[in-house]
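Structure at a glance
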Amino acid sequence: MSKELQTKKTLDGKKMIKFIKKFFLFVCFVSIVTAIGCTKNSGNKVVIKGSTTVLPITQKTTEEFRKSNKISITIEGSGSGNGIKALLDGTCDIANSSREMKAEESEEAKKRGIEVQEITVAIDMIVPVVNTANPVQNLSMAQLKAIYDGSISNWKQLGGNDASIVAISRDTSSGTYEIWHEKVMKKTDVRNDALLQASNGAIVSAVAGNPKAVGYVGYGYVDSSIKALSVDKKNPTIENGKSGVYPISRKLYMYVNKNKLSAETKKYIDFVLSPEGQKLVKETGFISIK
């Protein structure tokens, strides 16, 4: 056999080995992708998006729920409006919301053939908050509106220090903003120079760091770094929130698509509504519905 022929056979053999290796790697890759796909679609995962107000409830309850349930739960705090949009788009299983669905959102759900179920999980209060150095203790609903529409611009007008008021508000995708806009602002616009924040936590940080600031947050976010104000001389207490005496109270919701309600999603929601889950709701600073 000639050297040229031997060399050619050797090269052909090497090509064949390379081909076999590549084919083996391809089969392995397809197997892995298929396995991942099966895991993803196994129904063993719950995706939750929406309200940052409901976020502490979700975090607390999922942490406890996972201890006895091998279910993967993904949580995203992006605002009530974004959560409801995700539910209608089919990119989440539960939409957290600190407001009721709007008429146009319900209409869109009908157009898409989605039967939405509304589940009340807690009661909340929206609390105006100021820096701990601010001497103001109480504001009326009318004063709050005047602060946020720009009619009142100095704390001295409210019995405070001679200092300009820095109004901090939630952005328009927020359910907290929607309630504030309806109940406090009477559907008038917030002043143009208001500083908009994407979450309750961001408002807490902004108010804690600015002696001139005023903001509003869900009751569960009130802590020692800021000072909660009474409204119309009604303190934001659990008793006043539950009875409706406090003027800016609301329900907190989880929305689901009844047509695509998985066993895992239902099991988690049942846990939130259970005595154990509602105890956790209270521990996060909100008001139990039980």
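Refer to the structure above for everything that follows.
Criteria and cut-off values
- Residues numbered from 1 in each chain as written.
- Predicted model: local features only at pLDDT ≥ 70, side-chain atom pairs only at ≥ 80, totals over all residues.
- Heavy atoms only, no water.
- Core = buried A, V, L, I, M, F, W, Y, C linked by side-chain atoms within 4.5 Å.
- Buried < 20%, exposed > 50% of the residue type's maximum accessible area, 1.4 Å probe, protein only.
- Helix = DSSP H or I, 4+ residues; strand = E, 2+ residues; numbered from the N terminus.
- Contact = heavy atoms within 4.5 Å.
- Arc of directions from axis to C-beta.
- Pairing = 2+ DSSP bridges.
- Right-handed = clockwise from strand over helix to strand, strands pointing away.
- Phe/Tyr/Trp six-rings, centres within 6.5 Å; stacked < 30°, edge-to-face > 60°.

Considerations on the nonpolar core
By size, the foremost hydrophobic cluster in this structure holds 42 residues, and its most contacted members are Ile147, Tyr148, Trp155, Trp180 and Ile248. Of all elements in the fold, only strand 4 (116–130), helix 5 (141–149), strand 6 (166–170), helix 6 (175–183), helix 7 (200–208) and strand 8 (213–218) reach the threshold of two or more residues within this core. Of the residues forming this core, the biggest block, 6 residues, is contributed by strand 4. Excluding residues within four positions of it along the chain, tryptophan 155 makes contact with Val130, Asn134, Val136, Gly160, Asn161, Ala163, Ser164, Ile165, Lys212, Ala213 and Val214. Core analysis: the next-biggest nonpolar cluster, separate from the first, contains 21 residues, Ile48, Val54, Ile73 and Met254 among them.

Focus: helix 7
Residues three or four positions apart in an α-helix share a direction because the helix packs 3.6 residues into each turn. Those residues of helix 7 not exposed but buried are Asn200, Ile203, Val204 and Val207. The arc that holds the buried residues of helix 7, viewed along the axis, is 100°, so those residues lie on one side. Contacts from the buried residues of helix 7 go to strand 4, strand 6, helix 6, strand 7 (195–197) and strand 8.

Considering the pairing of strand 2 (residues 72–77)
Sheet topology note: the strand 1 (residues 45–50)/strand 2 ladder contains 6 bridges and is parallel. By the bridge assignment for strand 2, glycine 50 is matched with glycine 77. The parallel pair strand 1 and strand 2, bridged by helix 2 (residues 55–65), forms a crossover whose chirality is right-handed.

So, the packing of aromatic side chains
Summed over all chains, the structure comprises 6 aromatic pairs. Aromatic pair tyrosine 148 and tyrosine 216: ring centres 5.7 Å apart, planes at 70°, arrangement edge-to-face. One end of the pair, tyrosine 148, is in helix 5; the other, tyrosine 216, is in strand 8, and 68 residues separate them in sequence. No difference in accessibility class separates tyrosine 148 from tyrosine 216, as the two residues are buried. A ring pair is formed by tyrosine 253 and tyrosine 255, whose centres lie 5.8 Å apart and whose planes are at 35°; its orientation type is tilted. By relative accessible area, tyrosine 255 is classed as buried at 2%.

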